Amino acid sequence: MATIQGGERRETSQGQTDPAHLREDAEIVEGELADLTAELDAILAALQRLDLGSYGICASCGRTIPGARLEAMPGAVECVACAES
Ligand SMILES: [Zn+2]
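Position labels on residues start from 1 in each chain and follow its written sequence. Local features in a predicted model are, by the rule used here, given only for residues with pLDDT of at least 70; side-chain atom pairs are given and counted only at 80 or more, and totals for whole chains, interfaces and linings are based on all residues. Working from all heavy atoms in the structure, the side-chain values ignore hydrogens and water.

Considering the side chain of R69
Secondary structure elements are defined from DSSP: runs of H or I of at least 4 residues count as helices, runs of E of at least 2 residues count as strands, and each element is numbered from the N terminus. Tracing the backbone shows R69 in helix 2 (residues 67-72). Working definition: with a 1.4 Å probe on protein chains only, accessible area under 20% of the residue-type maximum means buried, over 50% means exposed, and in between means partly exposed. Residues scored as charged are limited to Lys and Arg (positive) and Asp and Glu (negative), so that His and the chain ends carry no count. The working definition used for a salt bridge is a side-chain nitrogen of Lys or Arg within 4 Å of a carboxyl oxygen of Asp or Glu. In this structure R69 is buried but unpaired, with E78 as the nearest side chain of opposite charge at 6.1 Å.

And the structure:
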């Protein structure tokens, strides 16, 4: 005698997979990804300058970028004065 067991019931009424929320989440993640990609680009560019020996040197005035600035912004290309002007 075979009885059909329902097996595991799939919960679809709890709103966990609401498509509208998924879209919102996707937009948030996309924004974060863009930020991270920009950060990664800056770091990769910084590594390249490190290889070339020009890391930590302002691209505009050629002066040394202070260590504190590089610590705060490892991808900084310009010194504070040039970046602000
Ligand atoms: Zn400068």
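And the narrative resumes.
Quick word on the coordination of the zinc ion
Any N, O or S atom lying within 2.8 Å of the metal counts as a donor, and for Na, K and Ca the limit rises to 3.2 Å; water is left out, so some sites can look incomplete. Every protein donor of the zinc ion is listed here as C58 (SG), C61 (SG), C79 (SG) and C82 (SG), and their distances to the metal cover 2.3 Å. Any site counts as irregular unless it has four donors with all angles between 85 and 135 degrees, making it tetrahedral, or four or six donors with opposite ones more than 155 degrees apart and the rest between 65 and 115, making it square planar or octahedral. Here the zinc ion binds four donor atoms, and the angle range of 104 to 118° at the metal identifies the geometry as tetrahedral. Look at where the donors of the zinc ion fall in the sequence and you get C-x2-C-x17-C-x2-C.

Quick look at helix 1 (residues 19-52)
For helix 1, with 34 residues, the first-to-last C-alpha span of 48 Å sits near the 50 Å given by 1.5 Å per residue. Contacts described as polar in this section are N or O atom pairs within 3.5 Å, which, within protein, must combine one atom able to donate a hydrogen with one able to accept it, while residues neighboring in sequence count only if both atoms come from side chains. Of the residues that open helix 1, the one with a side-chain oxygen 3.1 Å from the backbone nitrogen of A20 is D18. Positioned one or two residues after helix 1, G53 has a phi angle of 80°, which is positive. Any helix carries an expected span of 1.5 Å times its number of residues minus one.

Things to note about the side chain of R49
Its place among the elements puts R49 in helix 1. For the buried R49, no salt bridge is present, and the opposite-charge side chain at shortest range is E78, 10 Å distant.

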